[in-house]
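Structural overview
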Amino acid sequence: MDLSLIPNIKHTNSNNFFLLAGPCAIEGEEMALRIAEKVITITHKLEIPYIFKGSFKKANRSRIDSFTGIGDEKALKILRKVSETFHVPTVTDIHEVSDAVKAAEYVDVLQIPAFLVRQTDLVVAAAKTGKVVNLKKGQFMSPTAMKHAVQKVKDAGSNKAWITDRGTMFGYQDMIVDFRGIPEMREFAPTILDVTHSLQQPNQTAGVTGGRPEMIETIARAGVVNNVDGLFIETHFDPTNAKSDGANMLHLDNLENLLTNLVAIRKTINNL
């Protein structure tokens, strides 16, 4: 899919990976704008095509008392404000069929969560909005099986599908990335590596997902070396106090150095 078809996306001719990055969840307007401004400054400097990421609600939570959002319409309006303020495209997750049309009014890319990627009605509803559909590979699925999810998007009348690998279950409480899957999935659609979710440690006894953020650069480097089309990174200026997925998010202060290194690797790979 041609990246230039996405409204407001920049640097599409830079021969770089593209980036989906932002907080796990929209916690408020000030935090969203603050994170977006910082990431946009960095990606403009490095000529990385950028899409701001933020979930307008979190439906998949470990416990019933976990943070789920600030209200659907309020969060979606913040995503629109980010887009209008900085002229940048946005992406958010959807969880129910009714979310597709609702979210499509506000964002440019609809993301299907990994646990829901086999839900045919949800995938079809997203495809029928005409937006790009980012299909996150189920932790329980093989890379080859993702061709069927992509085919559902095509059968619904759209060629705007991406695949995102977010790791595979490794026992009960860990994730592992099988980098053999990247070239396999790239045969079906542009492929993204979700670096931060691949480092989750789910199903902890406390009911709060853990993570290995110190391994972010290791996983991201391996993805770029293996020719991923894009990277997905959740980032926050205060991960410890983030309301969702703080245990595996990248501190915003560390993003520029990480991306600088990854762009250098990408340039090397492009010359091979």
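Cut-off values and rules
- Residues numbered from 1 in each chain as written.
- Predicted model: local features only at pLDDT ≥ 70, side-chain atom pairs only at ≥ 80, totals over all residues.
- Heavy atoms only, no water.
- Helix = DSSP H or I, 4+ residues; strand = E, 2+ residues; numbered from the N terminus.
- Rg over C-alpha atoms; globule rule 2.2 N^0.38 Å.
- Buried < 20%, exposed > 50% of the residue type's maximum accessible area, 1.4 Å probe, protein only.
- Contact = heavy atoms within 4.5 Å.
- Areas by Shrake-Rupley, 256 points an atom, 1.4 Å probe, with all protein chains shown as cover.
- Lys, Arg positive; Asp, Glu negative; His and termini not counted.
- Charge placed at Lys NZ, Arg CZ, Asp CG, Glu CD.
- Salt bridge = Lys/Arg side-chain N within 4 Å of Asp/Glu carboxyl O.
- Pairing = 2+ DSSP bridges.
- Right-handed = clockwise from strand over helix to strand, strands pointing away.

Looking up the chain in an unreviewed UniProt entry gives the name 3-deoxy-8-phosphooctulonate synthase, with the organism given as Polaribacter batillariae.

Another aspect to go through is the overall build of the chain. Helix and strand counts for the chain come out as eight helices and 13 strands. Relative to a compact globule of 272 residues, whose C-alpha radius of gyration would be 19 Å, the chain shows 17 Å and is just as compact. For the chain, the spread of C-alpha atoms along the principal axes amounts to about 50 × 45 × 40 Å. The buried share of the chain, reckoned over its 272 residues, is 53%. Contacts in the chain between residues at least 24 apart in sequence constitute 71% of all its contacts with a sequence separation of at least 6. Entry remark: accessible area of the chain is about 11900 Å², with carbon and sulfur atoms responsible for 48%. Side chains of the chain carry 31 positive and 31 negative charges; the gap between the two charge centres is 2 Å.

On to the side chain of Asp165. Residue position: Asp165 is located in strand S6 (residues 161–165). For the buried Asp165, no salt bridge exists, and the shortest N-O distance to an oppositely charged side chain is 4.3 Å, to Lys137. Apart from residues lying up to four places away in sequence, Asp165 is in contact with Lys137, Val177, Asp178, Met185, Ile192, Leu193, Asp194 and Ser198.

Burial of strand S1 (residues 18–22) is extensive: five of the five residues sit out of reach of the surface. Judged by which residues are buried, S1 turns out to be covered on both faces: Phe18, Leu20 and Gly22 on one side and Leu19 and Ala21 on the other are all buried. For S1 and strand S12 (residues 230–236), the ladder comprises five bridges, and the chain directions are parallel. In the strand pairing of S12, Ala21 is matched with Ile233. Relative to strand S2 (residues 50–53), S1 runs parallel, the two being bridged by three bridges. Opposite Ala21, over in S2, you have Phe52 as the bridge partner. As for the winding sense of the linkage, the β-α-β connection from S1 through helix H1 (residues 29–46) to S2 is right-handed.

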